[in-house]
Amino acid sequence: MSLSTDVSLTNSGLRKPGPRQEGSQSPSQPARRRSRQRRERIFQWLFLVPAVIYMALFFGYPVVKNVMMSFQDYTTATFFTGEAPWVGLANYATVLSSSLFSTSLTNTALFTIGSIVGQFVIGLALAIFFQRKFPLNGILRSLLLLPWLLPLIVSSAVWRWILDKDSGALNRFLGQLHIVDTGIPWLTSTSLALIAVVGVNIWIGIPFNLTILYGGLQEIPDELYEAGSLDGATGWKAFRHITWPMLRPVVSVVLVLGVVYTLKVLDIILGLTNGGPANSTQTIATQSYALSFQEFKFGEGAALGNVLVIISLVFAVLYLRASRRSVDE
C-alpha cells in the first residue's frame, strides 16, 4: 500500500487495528470468568455430594431414627407389623425413674473420671519421657501402641483371664511374691469390679493420649525452653510456664474426645463383667444395651442412649467454653 493511501486512511478515520491497550478487557472476559467459577463450584459440590450422602445415610439416619424410637413403644412386634405407637416422654420417664438409673449414672461418672485421669496423667508422663533421646525410643513407642490396635473384645478376653480369681496371671504373680495368700476376686467383688474395669480401660486408652500429647509436645519450639532457662524456668517451672500453656489446645482435644469415647464404652465392660456383679459395673451405655438387646425394649433403650448423647454434648460445650474463656484471659 502506498504512502498516499495510508495518509488518506488516517485522515478519513479508518486506522489499522493496532495492539490492544494494556489493562483493557473485552466484554466477554468477565462472562468467561464467571462461567469458569460456576463450573468450579459445581465440581466442588460434586466431590462433596458422596460424602454428604454417606454422612446422611450412616450417621444422620441412625441418629434421627434413634430419637424417633425413644418416643415410641418400639418392640419386636414392630419388625413384623410396622406399628410403633407414639408414647411421648413415657420411655424417658420410665428409664429416669428406674432405681437402676441412679446406680448406672454414678458408675458412669466414676468410670469416666477414673479412666480419663489415669489415661491422661500416664499418657502425659510417657509423652514427656519419650521426648528424651535414648536408644530404642521409637521401638518402645511403637510397642505402646499395641493396646490401641488390638480389638477391644480381644483385650477384654485377655484381661478376663489375667484377672481371674483362681487361675489368673495377676493373682499367681502376687501369690509368688507372697503379697496375697488367696486369690483376689477382681471381677466378682462388688467393691473391686469397677476398679478393675477402670484399670483395664486406662491400659487401653494410654496409647491414644500418648500419641496425641507427644505430637503436641513436638510442636513446642526449643527456643522457648532455651529462653526460659535463662530466666531460671527449668524442670517444673518450665512445665508450668511453657509446656502446659502451649499444650493446652491439644489437652482440650484429648480430654473432650476421651470423655466422649469413655462415656460410651460398652464392649470392655460386657467382656469383663457384663455389668455385674450386682450391677456394680453397670453404666448408662451397658444399661441401654441391656434394655435394647436383652429385654427388647427398644424405645427405652433408645431413650437412655439419647440421655447419654445429651450428657456428652453438655460436657463438651461446657468444657470448650471454659477452655476458651481461660485462653482469652
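Starting from 1, residues in each chain are numbered consecutively following that chain's sequence as written. Only residues with pLDDT of at least 70 are given local features in this predicted model, and only at 80 or more are side-chain atom pairs given and counted; all residues enter the totals for whole chains, interfaces and linings. For side-chain calculations, the full set of non-hydrogen atoms in the structure is used, while hydrogens and water are omitted.

(A) Just the packing of helix H5 (residues 99-129) against helix H10 (residues 193-218), in detail. Comment: axis = line fitted to C-alpha atoms, over the contacting stretch for helices; angle = value between 0 and 180 degrees taken between N-to-C directions. Numbering goes from the N terminus for both helices and strands, where a helix is a DSSP run of H or I of at least four residues and a strand is a run of E of at least two. Put simply, H5 and H10 touch, their axes get as near as 6 Å, and they point 40° apart. With respect to each other, H5 and H10 are oriented oblique. Crossing of H5 over H10 shows right-handed handedness. Note on residue classes: Ala, Val, Leu, Ile, Met, Phe, Trp, Tyr, Cys and Pro are nonpolar, Asp, Glu, Lys and Arg are charged, and everything else, Gly too, is polar. Per-class residue counts for the contact of H5 with H10 are 17 nonpolar, nine polar and no charged. Any angle between 65 and 115 degrees counts as roughly perpendicular, while under 35 counts as roughly parallel, over 145 as roughly antiparallel, and the rest as oblique. Each crossing is labelled by how the near helix is turned from the far one, with a counterclockwise turn of less than a right angle marking it left-handed and a clockwise turn marking it right-handed.

(B) The arrangement of the environment of Ala-193 in detail. Of note, Ala-193 is situated in helix H10. Relative accessibility decides the category of a residue: with a 1.4 Å probe and only protein chains considered, values under 20% of the type maximum give buried, values over 50% give exposed, and everything between is partly exposed. Ala-193 gets classed as buried once you look at its relative accessible area, which sits at 0%. Along the chain, Ala-193 and Glu-226 lie 33 residues apart, while their C-alpha atoms are 47 Å from each other. Residue contacts are counted whenever heavy atoms from the two residues lie within 4.5 Å of one another. Non-local contacts of Ala-193, meaning those with residues more than four positions away in its chain, are made with Trp-186, Leu-187, Thr-273, Gly-276, Pro-277, Ser-280 and Thr-281.

(C) Up close: helix H14 (residues 284-293). Burial of H14 is extensive: eight of the 10 residues sit out of reach of the surface. Along H14, the residues classified as buried are Ile-284, Ala-285, Thr-286, Gln-287, Ser-288, Ala-290, Leu-291 and Ser-292.

(D) Broad picture of the packing of aromatic side chains. We call Phe, Tyr and Trp rings a pair once their centres come within 6.5 Å, taking the six-membered ring for Trp, and we label the pair stacked below 30 degrees between planes, edge-to-face above 60, and tilted otherwise. Evaluation of the coordinates by the stated rule reveals 19 aromatic pairs. For the pair Phe-71 and Trp-86, a centre-to-centre distance of 5.6 Å together with 15° between the ring planes defines the contact as stacked. Taken together, the positions of Phe-71 in the loop between helix H2 (28-69) and helix H3 (78-81) and Trp-86 in the loop between H3 and helix H4 (90-97) put the pair 15 residues apart, joining distant regions of the chain. Cluster of aromatic residues (ring-pair linked, three or more members): Tyr-74, Phe-79, Tyr-289, Phe-293, Phe-296 and Phe-298.

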